[in-house]
Amino acid sequence: MSDRETLDFTDPMQRPRFTGLATFFRLPYREDFEADPPQIGVCGVPYDGGVTNRPGPRHGPREVRNQSSLMRRVNQATGVNPFDAAKVADIGDAWIRKPYELEGAHKEIEDYFARVKAAGTRALACGGDHSVSLPILRALAKDGAPLGMIHIDAHADTGDDYGGSRFHHGAPFKVAVDEGLLDPKKVVQIGIRGSLYQADMWKFSFESGMRVMMMEEVEERGWRACIEEAREIVGQTPIYVSFDIDSLDPSLAPGTGTPEAGGITMREAQGMIRRLAGLDIRGADTVEVSPPFDVGGITALNGATVMYELLCVMAAG
Ligand code: MN
Ligand code: MN
């Protein structure tokens, strides 16, 4: 069969991928999502007021949207077509009116995700630096039971005060536990590595009962065993999935603020995300793509691919 028979060029998602405006996955753009809420809303959080090193992830959503144009419809590995399995839309950006005020900016982000939740839409967010996961979790979990979480990252992000604030991108998950948004015993952190300011820099993860899988364990046991254990730990607890692009090896994600050598590959990332199928995923994010430091769009492409895999497990679940 030719393309003329199989593709519907009245559908923007089936036109040549380099044409038109770059929404996430060439989805319809619905800033007014409340009028006709999708089941899954893909959105940007273009904010990087919480970085501690190189900036730039405020530009992440624009570039990930651009690279996400490359995603086709059907996941060849799993057979899932997320756009048939669920009603999905690009619901715009949680953009910030007062970006120079970190805690106020987080409140604006929380308010946006509260709107998304109230519409009955599950969010798949694109950061932004990792500090934005905290206001998303506030919106999702503030009035309910704490969530579990699968967190793939080079850093545990359970630090505390740094430079006079605990709302930077190295501490969101300590604050989230302190605020009752996460159940630390249902939190699994995968891929942690790199150098530390002090040996006990991530002590909160260990003391609170999170399951921390250092990169060395992922290497020695293998990622399949690690993700199977993670599945057992969270069980059917409602979870959030947070993917920091710096979990990838810097050769695969140079465009990020705090790269750490010796990371996971995209094959491992894809395999782990696919094995989240069937879990009760209430929301997810992909954060820390920093286009000003990117090379040839590789980091944004990998960010878009991670988001596509997350979308597939959310839509099929
Ligand atoms: Mn992080
Ligand atoms: Mn990180």
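Residues numbered from 1 in each chain as written. Chains lettered and ligands numbered in written order. Predicted model: local features only at pLDDT ≥ 70, side-chain atom pairs only at ≥ 80, totals over all residues. Heavy atoms only, no water.

### Considerations on the coordination of the manganese ion (ligand 1)
Expected angles at a metal are 109.5 degrees for tetrahedral coordination by four donors and either 90 or 180 degrees for octahedral coordination by six donors. Note the cut-off: Because no water is among the atoms considered, metal sites can look incomplete, with donors defined as N, O and S atoms within 2.8 Å of the metal, or 3.2 Å for Na, K and Ca.
For the manganese ion (ligand 1), the full set of protein donor atoms is H130 (ND1), D153 (OD), D157 (OD) and D244 (OD), at a range of 2.1 to 2.2 Å. Mapped onto the polypeptide sequence, the residues donating to the manganese ion (ligand 1) form the spacing pattern H-x22-D-x3-D-x86-D.

### Concerning the coordination of the manganese ion (ligand 2)
The coordination sphere of the manganese ion (ligand 2) contains the protein donors D153 (OD), H155 (ND1), D244 (OD), D246 (OD) and D246 (OD), at a distance range of 2.1 to 2.5 Å. Positions of the donor residues of the manganese ion (ligand 2), expressed as sequence spacing, correspond to D-x1-H-x88-D-x1-D.

### Some details on the pairing of strand 8 (residues 281-287)
Note the following rule: Partly exposed residues are those whose accessible area sits between 20% and 50% of the maximum for their type, while under 20% is buried and over 50% is exposed, using a 1.4 Å probe and protein chains only. In DSSP terms, a helix is any run of H or I states spanning at least four residues, a strand is any run of E spanning at least two, and both are numbered starting from the N terminus. Only when DSSP finds a minimum of two bridges between them are two strands counted as paired. Here is how to tell: hold the view so the strands point away, follow the path from the first strand over the helix to the second, and if it runs clockwise the crossover is right-handed.
Burial runs high along strand 8: 6 of the 7 residues are buried. Alignment of strand 7 (residues 239-244) against strand 8, held across 6 bridges, turns out to be parallel. Residue pairing across strands places D244 opposite V287, the latter belonging to strand 8. Each parallel crossover has a hand, and for strand 7 linked through helix 10 (residues 266-274) to strand 8 it is right-handed.

### A short note on the nonpolar core
To keep things clear, this is the line we draw: What makes a nonpolar core is a set of buried Ala, Val, Leu, Ile, Met, Phe, Trp, Tyr and Cys residues whose side-chain atoms join them at distances within 4.5 Å. Only heavy atoms matter for contacts: two residues are in contact if any of them lie within 4.5 Å across the pair.
If you look at the biggest cluster of nonpolar residues, it comprises 54 residues, and the most contacted ones within it are F25, L124, I150, I190 and F243. In terms of residue count, helix 11 (residues 298-316) provides more of this core than any other element does, 11 residues in total. With residues up to four places along the chain from it excluded, the contact list for L124 reads I40, G41, V42, C43, A284, M307, L310, L311 and M314. If you look at the next biggest cluster of nonpolar residues, it comprises 42 residues, including I109, M149, V175 and V177.

### Section: helix 5 (residues 133-141)
A large share of helix 5 lies buried, amounting to 9 of its 9 residues. Of the residues making up helix 5, those classed as buried are S133, L134, P135, I136, L137, R138, A139, L140 and A141.

### Things to note about the environment of G41
Checked against the element boundaries, G41 lands in strand 1 (residues 40-45). Taking C-alpha positions, G41 is 20 Å from G20, a pair spaced 21 residues apart along the chain. Residues contacting G41, with those up to four places away along its chain left out, are A89, I91, T121, R122, A123 and L124.

### Brief notes about the pattern of salt bridges
As a reminder, the rule being used: Think of a salt bridge as a Lys or Arg side-chain nitrogen and an Asp or Glu carboxyl oxygen that are within 4 Å of each other.
Under the defined criterion, the tally for this structure stands at 20 salt bridges. One salt bridge connects D160 with R166, and the closest N-O pair in it is separated by 3.5 Å. Taking the shortest distance from any N to any O, the salt bridge between D178 and K174 comes out at 2.8 Å. Highlighted residues: D178 and K174, both in helix 6 (residues 172-178), separated by 4 residues, approximately one helical turn. D178 gets classed as partly exposed once you look at its relative accessible area, which sits at 41%. Of the residues examined, K174 reaches a relative accessible area of 13% and is grouped as buried. Several salt bridges share partner residues, and in doing so they unite D160, R166, K174 and D178 into one network.

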